[in-house]
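Chain by chain, the residues run as shown.
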Amino acid sequence: MFDNYSFTAAERFLRYVQIDTQSDSQSSSNPTTEKQKDLSKLLVAELKKMGIADAHMDEWGYVYATIPSTSDKKVPVICFCAHVDTAPDCSGTGVKPIVHKDYQGEDIILPDDSKQVLRMSEYPYLKTQIGNDIITASGTTLLGSDDKAGVAEIMDLANYLVANKKIKHGTVKILFTPDEEVGKGTAKVDLKKLGADFGYTLDGGDAGSLEDETFSADGVQVIIHGVIAHPGYAKDKMVNAMKIAGEILAALPKDRLSPESTDGKRGFIHPVRIEGIAEKCTIDFIIRDFETDGLQKKEDYLRTQIEERLRTYPTASFEFTVTEQYRNMKEILDVNTHVVDHAKEAIARAGLTLKMESIRGGTDGSRLSFMGLPCPNLFAGEQAIHSKLEFISIQDMNKAVETMVHLVQIAEEKS
Ligand SMILES: [Zn+2]
């Protein structure tokens, strides 16, 4: 299918990563940094040059574009989505991408900081990359494959579909968002304007991987009310809220139910912030589980722990407030099974082995899914993200493009 086409994802990627698009969690503007628009504007210009007339960026820095249908059938509208920003954890200024051609398993020493060495022993995924062309940064910055790989792959998909009108597909929507890394990627998205039936974020790792599950997440705020008195005359009166808070935290199990003691499918109760005086003390928790029932059980457990501690202090009291944060996208994808099934088939047609994965966190896809756009996460090839050792292979990027081309055809065939 790709015999007469040379992929452009890597060529695009090498240019996009040199544009600094770091987002900022401390900023309250949308987008959180204006410089993210530098890349978004370039993407619009390139889409227009391909002939995608409606490509545009809105005032919030979101890019929308439409690749028209080539089919006579009524085919669902599919959206491919990627984020333009890079993580605040690691510098994204002055990224110098380097292509290491025909990788043979050697250590890759990054030239601008020889302490940064990419080793197969530490990154076993490299075993699958022998003979491939690996892209890294130069040692002082992240690379930005998260998620400029997804951006470049979707751009190459657009280029391919526009140039190969014989490929039968329905309407394809493109969405590039800012601020994913600071949890605001869907803050200003307009799904009505987008008009897609379902979508895929291109923001995953290993070739062939597909993520259809995220945590479900609640926040719990516990406020403990103590009893205040003059410390000189406090005997049998004072109840110190900070000391009760300390007892509550000490009562949490050490070998389970915490981030530091769990992995895989197990969730946790995690205190993230504490603030207080003797009179009143507030503890913020995040609760995580793959099942919404599991969240409830953990919240009940936490409440019981608090009640037990408070029994010793009858004059103290507490408030317990639960706030929903996000939900496991699987709840939505399980009633829209074709969305994941199409992706599985596309991965198989691209000659890859499927790896189903769960994300121990939330994604823009989980928020989009509950906003009405069922949206699992497809691999983009990104590895060792948010670090100076971040890498990606050109071959994995091309496989991601190929998978999307199969995906749009599968949706057309099954319509
Ligand atoms: Zn990402």
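Look a little higher up for the structure.
Residues numbered from 1 in each chain as written. Predicted model: local features only at pLDDT ≥ 70, side-chain atom pairs only at ≥ 80, totals over all residues. Heavy atoms only, no water.

Asker: Help me understand the overall build of the chain, please; the structure alone is not making it clear to me.
Answerer: Per the secondary structure count, the chain includes ten helices and 17 strands. Expressed along its principal axes, the backbone C-alpha trace of the chain runs to roughly 85 × 55 × 40 Å. Across the 415 residues in the chain, those meeting the buried criterion constitute 57%. Sequence separation of at least 24 residues holds for 80% of the intrachain contacts in the chain that already meet a minimum separation of 6. Total accessible area on the chain stands at roughly 17800 Å², and carbon and sulfur atoms take up 50% of it. Here the chain contributes 48 positive and 64 negative side-chain charges, whose respective centroids are spaced 2 Å apart. (Helix = DSSP H or I, 4+ residues; strand = E, 2+ residues; numbered from the N terminus. Buried < 20%, exposed > 50% of the residue type's maximum accessible area, 1.4 Å probe, protein only. Contact = heavy atoms within 4.5 Å. Areas by Shrake-Rupley, 256 points an atom, 1.4 Å probe, with all protein chains shown as cover. Lys, Arg positive; Asp, Glu negative; His and termini not counted. Charge placed at Lys NZ, Arg CZ, Asp CG, Glu CD.)

Asker: Got a minute to help me understand the state of the cysteines in this structure?
Answerer: A disulfide bridge is the covalent bond that connects two cysteines by way of their sulfur atoms. Per the counting criterion, the structure on display carries zero disulfides. The closest cysteine sulfur to the non-disulfide-bonded C81 is located on C79, 5.6 Å from its own sulfur. (Disulfide = S-S within 2.5 Å.)

Asker: I tried to follow the nonpolar core on my own but got confused; where do I start?
Answerer: One recurring pattern in soluble globular proteins is that nonpolar side chains are buried together. Of all hydrophobic cores here, the largest spans 79 residues; its most connected members are F13, L47, I52, F80, F176, Y200 and L378. Residues V220, C281, I283 and I306 belong to the second largest nonpolar core, which totals 21 residues. (Core = buried A, V, L, I, M, F, W, Y, C linked by side-chain atoms within 4.5 Å.)

Asker: Got a minute to help me understand the coordination of the zinc ion in this structure?
Answerer: Ideal geometry at a metal centre: 109.5 degrees between donors when four sit tetrahedrally, and 90 or 180 degrees when six sit octahedrally. Surrounding the zinc ion are the protein donor atoms H83 (NE2), D146 (OD), D203 (OD) and D203 (OD), which sit 1.9 to 2.5 Å from the metal. One can describe the donor arrangement at the zinc ion as irregular, given that its four donor atoms subtend angles of 55 to 137° at the metal. Considered as a linear motif, the donors of the zinc ion on their single chain read H-x62-D-x56-D. Within this pair, whereas H83 is found in strand β3 (residues 78-83), its partner D203 is found in strand β9 (residues 198-204), the two being separated by 120 residues in sequence. (Donors = N, O, S within 2.8 Å, 3.2 Å for Na, K, Ca; no water. Tetrahedral: all angles 85-135°; square planar, octahedral: opposite > 155°, others 65-115°.)

Asker: Can you walk me through the packing of helix α5 (residues 241-251) against helix α6 (residues 292-310) in this structure?
Answerer: For any two helices packed against each other, one specifies the crossing angle of their axes together with the interaxial distance. At a minimum axis distance of 10 Å, the contact between α5 and α6 shows a crossing angle of 135°. By the criterion of interaxial angle, the relationship of α5 to α6 is oblique. Where α5 crosses over α6, the handedness of that crossing is right-handed. Along its contact with α5, which presents I244, E247, I248 and A251, the element α6 presents Q305, I306, R309 and L310. A class-by-class count of the residues in the contact of α5 with α6 yields five nonpolar, one polar and two charged. (Axes fitted to C-alpha atoms, helices over the stretch in contact; angles between N-to-C directions. Parallel < 35°, antiparallel > 145°, perpendicular 65-115°, else oblique. Left-handed = near helix turned anticlockwise from the far one by under 90°. Nonpolar A, V, L, I, M, F, W, Y, C, P; charged D, E, K, R; others polar.)

Asker: Can you walk me through the layout of surface pockets in this structure?
Answerer: Here the largest pocket defines a volume of roughly 550 Å³. Mapped by element, the contributors of at least two residues to the lining of the largest pocket are β3, α3 (145-163), β9, β15 (355-359) and α9 (364-371). In the lining of the largest pocket, the residues fall into five nonpolar, 13 polar and eleven charged. Size it by volume and the second largest pocket reaches roughly 150 Å³. By residue number, the principal contributor to the lining of the second largest pocket is strand β12 (residues 268-276), which donates three residues. (1 Å grid on protein atoms, 1.4 Å probe; cavity = no way out; pocket = protein on both sides within 12 Å on 5 of 7 lines; lining within 4 Å. Points joined across faces, edges and corners; volume = space filled by probe spheres on them.)

Asker: Explanation requested: helix α1 (residues 9-16) in the structure shown.
Answerer: In an α-helix, one turn spans 3.6 residues, which is why side chains three or four residues apart end up on the same side. Those residues of α1 lying buried are A9, A10, R12, F13 and Y16. Angular distribution of buried residues about the axis of α1 spans 160°; they occupy a single face of the element. On the buried face of α1, the contacting elements are α2 (36-50), β7 (134-136), α3, β17 (391-393) and α10 (394-413). (Arc of directions from axis to C-beta.)

Asker: Hey, could you run me through the sheet that holds strand β16 (residues 377-379) in this one?
Answerer: Two modes of strand pairing occur in sheets, parallel and antiparallel, and in both the strands are linked by backbone hydrogen bonds. One open sheet holds the eight strands; their spatial order is β1-β2-β8-β3-β9-β16-β10-β15, and the pairing between them is mixed. Lying at the two open borders of the sheet, with one neighbouring strand each, are β1 (56-57) and β15. In the sheet, strand β10 (residues 209-214) pairs with β16 via two bridges, with the strands oriented antiparallel. Note on β16: the bridge partner recorded for L210 is L378. (Pairing = 2+ DSSP bridges.)

Asker: I keep staring at the packing of aromatic side chains and nothing clicks. Help me out?
Answerer: Summed over all chains, the structure comprises five aromatic pairs. Their ring planes at 85° and their centres at 6.0 Å tell us that F198 and Y200 sit as a pair that is edge-to-face. Like Y200, F198 is buried. On the basis of an interplanar angle of 85° and a centroid distance of 5.6 Å, the ring pair of F215 and F268 is categorised as edge-to-face. Of the two residues, F215 sits in the loop between β10 and β11 (216-225) while F268 sits in strand β12, which places them 53 residues apart along the sequence. Accessibility assignment for this pair places F215 and F268 in one class, buried. Aromatic rings pair up to connect F80, F198 and Y200 into one cluster. Geometry around Y64 places K193 over its ring, the cationic atom sitting 4.0 Å from the centre. Here K265 stacks its cationic end above the ring of F290, 5.6 Å away from the centre of that ring. (Phe/Tyr/Trp six-rings, centres within 6.5 Å; stacked < 30°, edge-to-face > 60°. Lys NZ or Arg CZ within 6 Å of the ring centre and 35° of its normal.)

Asker: Can you help me understand the sheet that holds strand β13 (residues 280-289) in this one?
Answerer: Judged by pairing direction, the sheet is antiparallel, and its four strands sit side by side in the order β12-β13-β11-β14 without closing on themselves. Looking at the sheet topology across the chains shown, the edges are occupied by β12 and β14 (317-326). Taken pair by pair, the neighbouring strands of this sheet meet at an average axis angle of 20°, ignoring direction. In the sheet, β11 pairs with β14 via nine bridges, with the strands oriented antiparallel. Across the sheet, the residue bridging to I224 is F318, located in β14.

Any functional reading would require information that these geometric values do not contain.
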